[in-house]
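Chain and residue survey
So the chains spell out like this:
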Amino acid sequence: MASPLRIIPLGGCGEIGKNMTAVEYGKNIVLIDCGVMFPENDMLGIDFIIPDWQYLRDKREWLRGIIVTHGHEDHTGGLPYLLKEMPDLPVFATKLTRGLIEVKLRNHKILDATRLNTIEAGGRLELGPFGLEFFRVAHSIPDGVGVGITTPAGLIVHTGDFKFDHTPVDGKPTDFTKLAEFGGRGVLALMSDSTNADQPGTTPSERVIDTAFAHVFREAKGRIIVGTFASLISRIQQVANAAVKHNRKLAFTGTSMLENVKMAQKLGYLDLPSDLIVRLEDTKKMAPERVVIMTTGTQGEPSSVLARVSIGQHSQIQIDRGDTIIMSSHPIPGNEEMVNRTINRLFQRGANVLYDPIAQVHVSGHASQEEQKLMLNLVRPDYFIPVHGELRHLRAHEQLANQVGIAPQNVFVLENGQSIEFDEGEARIGERVPGGYVYIDGSGVGDVGPAVLRDREILGRDGFVVAVVHRDSDTGQLIDQPEIISKGFIYVKDAEHIITGAADAVTRIAQDTTLNDKALYDKIKETLSEYLYHETKRRPMIIPVLS
Ligand SMILES: [Zn+2]
Ligand SMILES: [Zn+2]
């Protein structure tokens, strides 16, 4: 009996971000994308989240390669971590995507150890039993592709991120012809971008931003500061075009943006006249109405340039009355609060801040409902798997598929780790594999679990109290008064009686010489927690230290 074809979403199903899909046939796996997701507000101290690829660890010899559809973080950001584990894994990406990946891998100091290969839209590639065909998709970054994969079980199509923009900034619209050709051949399953499945109509073309920029550049009396993602190469081109037209010079700030600009320019994806670009420090000497500054930080990340500017802590950019700031990106879900705080602070400093929906300075890179229906109609798959979206987006996309005539039982809304199997043209739910979160913070990969997050939450809210107990190691008798040290919990000067009370409580417990260390530790923790809660209605973290 032939082996079934399996599709396993490892990320991006039920969330916006950390996209990753495994396609498996026999002992062969091809991967699509490996992204990051940004943490939600309640994940303290977490820099970002990567997919859980536990399933792949004992199948290293099965891996034929990874296709990276485009250069956005939610498709590339997990790669350095994947490649540190599996440096042999061949990576396939278009020229610009590869360039962006190289920047990333160089920063992680693993570029030389990895195997990068360049593909192009319209190109083909054989990987084990898989025949891959890449097709152009329009998105908010140039050089994006989707992929059709011919397998022994049938043809499957993955759109990557897309929209049907007829006038994209790079002049390369989504390849309708190829999609229709797939449809004609017969497609077993389609995986399609669901990000905007709750948006009716059609996503406006990138071009509408030119109009909005033209207006802002005409009206602005002082400096213009444009914030966007470092990987939104098309947006950088649009700002550069507006700057040339309105006789302003352009400076970049933010390491990732500087690196990406340099690379995209070298590869020919950015066309910047040489006299357009100036250094940030030079802008200080220039008339404000001659200056545009591009920066990152539109997600309100506390360490980013824009966030530091908003609190007056950036060494080179101070906001002056008359500055116009354009936030040219949408907040990633979960970041709204931080973004709004940054916008408010920038206003407070006297800037005029323009953001969507106040001005059309950003359009989505993702298809809306009418485009999603068009995709479904062009490809006409037997089975449909909505991907890239929270559950509500996946469900909305499911409805659209039903509307265009795909039977409800042929649409599979999957969670990360939930595999689907195709056998003789029939689909069924398959094995479930790990599909959770792997947290990355400054300290490394996966060292942080839910318990650590809970601890950080307690620390952030109620602080901690350390109780140091000195006992004689032979007799167990107290040698000295217990010490109580608190941080972030109460202002000690106003609450000396509470600290004294806590020390007394610890003394009473520690006088019981029959308690071993473990029992003493637990009892101090429990008693202090109750005592402090009784006194203050707060529960700091209690850390007994026995010496
Ligand atoms: Zn994207
Ligand atoms: Zn994406």
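All residue numbers refer to position in the chain's written sequence, counted from 1. Chains and ligands are labelled sequentially in the order written, the chains with letters from A and the ligands with numbers from 1. Only residues with pLDDT of 70 or above have their local features reported here, since the model is predicted, and side-chain atom pairs are shown and tallied only from 80 upward, although totals for entire chains, interfaces and linings are computed over all residues. The basis for every side-chain value is the complete set of non-hydrogen atoms in the structure, without hydrogens or water.

Here the focus is the overall build of the chain. The helix count covers DSSP runs of H or I at least four residues long, the strand count covers runs of E at least two residues long, and both are numbered beginning at the N terminus. Secondary structure assignment for the chain yields 15 helices and 25 strands. Out of the 547 residues belonging to the chain, those deemed buried represent 57%. With an accessible surface of roughly 23300 Å², the chain has 50% of that area assigned to carbon and sulfur atoms. Across the chain, the centroid of the 58 positively charged side chains sits 5 Å from that of the 70 negatively charged ones. Burial here depends on accessible area, computed with a 1.4 Å probe over protein chains only, as a share of the maximum for the residue type. Under 20% is buried, over 50% is exposed, and the range in between is partly exposed. Values of accessible area rely on a 1.4 Å probe in the Shrake-Rupley scheme; residue burial ignores everything except the protein chains shown. Counted charges follow a simple rule, with Lys and Arg positive, Asp and Glu negative, and His plus the chain ends left uncounted. Every charge is mapped onto a representative atom, which is NZ of Lys, CZ of Arg, CG of Asp or CD of Glu.

Attention shifts here to the environment of glutamine 237. If you trace the backbone, glutamine 237 turns up in helix 6 (residues 233-245). When its relative accessible area of 12% is taken as the criterion, glutamine 237 is described as buried. With 67 residues separating them along the chain, glutamine 237 and aspartate 170 place their C-alpha atoms 9.2 Å apart. Should any heavy atoms of two residues lie within 4.5 Å, those residues are considered in contact. With residues up to four places along the chain from it excluded, the contact list for glutamine 237 reads Val169, Tyr269, Leu270 and Asp271. Looking at glutamine 237, its side chain comes within polar contact range of the main-chain nitrogen of aspartate 271, at 2.7 Å. Throughout this description, a polar contact denotes any pair of N or O atoms lying within 3.5 Å of each other; where both atoms belong to protein, one of them has to be capable of donating a hydrogen while the other can accept it, and for residues adjacent in sequence the pair is counted only when both atoms sit in side chains.

Below, the discussion takes up the coordination of the zinc ion (ligand 2). Reference geometry at the metal: tetrahedral coordination by four donors gives ideal angles of 109.5 degrees; octahedral coordination by six donors gives 90 or 180 degrees. Those protein atoms acting as donors to the zinc ion (ligand 2) are Asp74 (OD), His75 (NE2) and Asp161 (OD), and they sit at 2.1 to 2.2 Å. In primary-sequence terms, the residues that donate to the zinc ion (ligand 2) follow D-H-x85-D. Accessibility expressed as a relative area gives 0% for histidine 75, which makes it buried. Excluding water, the donors of a metal are its N, O and S neighbours within 2.8 Å, or within 3.2 Å for Na, K and Ca, and that exclusion means sites may look incomplete.

What follows deals with the layout of surface pockets. In this analysis the probe radius is 1.4 Å and the grid spacing 1 Å, with only protein atoms considered; a cavity is a set of points the probe fits into but cannot get out of, a pocket is an open set with protein on both sides within 12 Å along at least five of seven lines, and lining residues have an atom within 4 Å of a point. Grid points are joined across faces, edges and corners, and a volume is the space filled by probe spheres set on the points. Space inside the second largest pocket adds up to approximately 280 Å³. In terms of lining, the second largest pocket is formed by 13 residues, of which the most central are Glu102, Val103, Arg106, Met263 and Lys266. Elements with a contribution of two residues or more to the lining of the second largest pocket: helix 3 (95-107) and helix 7 (255-266). It is helix 3 that provides the largest number of residues to the lining of the second largest pocket, a total of seven residues. Basically, the charged four are Asp, Glu, Lys and Arg, the nonpolar ten are Ala, Val, Leu, Ile, Met, Phe, Trp, Tyr, Cys and Pro, and anything else, Gly included, counts as polar. Classifying every residue of the lining of the second largest pocket by side-chain character gives three nonpolar, three polar and seven charged.

The subject of this paragraph is the nonpolar core. Residues Phe217 and Ile326 are the most contacted members of the largest nonpolar core, which totals 35 residues. Those elements giving two or more residues to this core turn out to be helix 3, helix 5 (207-219), strand 13 (224-227), helix 6, strand 14 (249-252), helix 7 and strand 15 (291-295). If you tally residues by element for this core, the top one is helix 6, at six residues. Here phenylalanine 217 is in contact with Ile224, Val239, Ala242, Ala243, His246, Arg248, Val292 and Ile326, once residues within four sequence places are set aside. Joining through side-chain atoms within 4.5 Å is the link that ties buried Ala, Val, Leu, Ile, Met, Phe, Trp, Tyr and Cys residues into a set, and such a set is a nonpolar core. Core analysis: the second largest hydrophobic core is formed by 33 residues, Ile29, Val68, Val438 and Ile440 among them.

What follows is about the coordination of the zinc ion (ligand 1). Only His70 (NE2), His72 (ND1), His139 (NE2) and Asp161 (OD) from the protein reach the zinc ion (ligand 1) as donors, at distances of 2.1 to 2.3 Å. Metal-centred angles of 89 to 169 degrees between the four donor atoms at the zinc ion (ligand 1) mark the site as irregular. For the zinc ion (ligand 1), the donor residues sit on a single chain with the sequence spacing H-x1-H-x66-H-x21-D. Distance-wise, the zinc ion (ligand 2) is placed 3.3 Å from the zinc ion (ligand 1), both being coordinated by aspartate 161. Pair noted here: histidine 70 is in the loop between strand 5 (63-68) and helix 1 (73-76) and histidine 139 is in the loop between strand 9 (130-137) and strand 10 (144-151), with a separation of 69 residues, a long-range link. In terms of burial, histidine 70 and histidine 139 fall into one category: buried. Metal sites are grouped by the angles between bound donors: all angles between 85 and 135 degrees with four donors is tetrahedral, opposite donors over 155 degrees apart with the others between 65 and 115 is square planar for four donors and octahedral for six, and any other pattern is irregular.

What follows concerns the sheet that holds strand 24 (residues 483-487). In short, DSSP must find at least two bridges between two strands for them to pair. Taken together, three strands build an open sheet; the order of strands is 24-23-25 and the sheet is mixed. Looking at which strands have only one partner, the edges of the open sheet turn out to be strand 24 and strand 25 (541-546). If you compare each strand with its neighbour and ignore which way they point, the axes differ by 15 degrees on average. Pairing between strand 23 (residues 464-469) and strand 24: five bridges, direction antiparallel. Bridging across to strand 24, valine 465 finds its partner in serine 486. Here an axis means a line fitted to C-alpha atoms, over the contact stretch when the element is a helix, while the angle between two N-to-C directions is reported on a 0 to 180 degree scale. Here helix 14 (residues 496-510) sits on the sheet in contact with strand 23 and strand 24, set at roughly 135 degrees to strand 24.

To estimate the expected span of a helix, count its residues, drop one, and scale the result by 1.5 Å. Here helix 10 (residues 336-348) is 13 residues long and its end C-alpha atoms lie 18 Å apart, about the 18 Å a rise of 1.5 Å per residue gives. Among all positions in helix 10, only Met338, Val339, Thr342, Ile343 and Leu346 are buried. Angular distribution of buried residues about the axis of helix 10 spans 135 degrees; they occupy a single face of the element. Opposite the buried face of helix 10, at more than 90 degrees from it, the exposed residues are Asn344 and Gln348. For helix 10, the secondary structure elements touched by its buried residues are helix 9 (305-310), strand 16 (324-327) and strand 17 (352-355). One or two residues past the end of helix 10 sits glycine 350, with phi positive at roughly 100 degrees. To be clear, the arc concerns the directions from the helix axis to the C-beta atoms.

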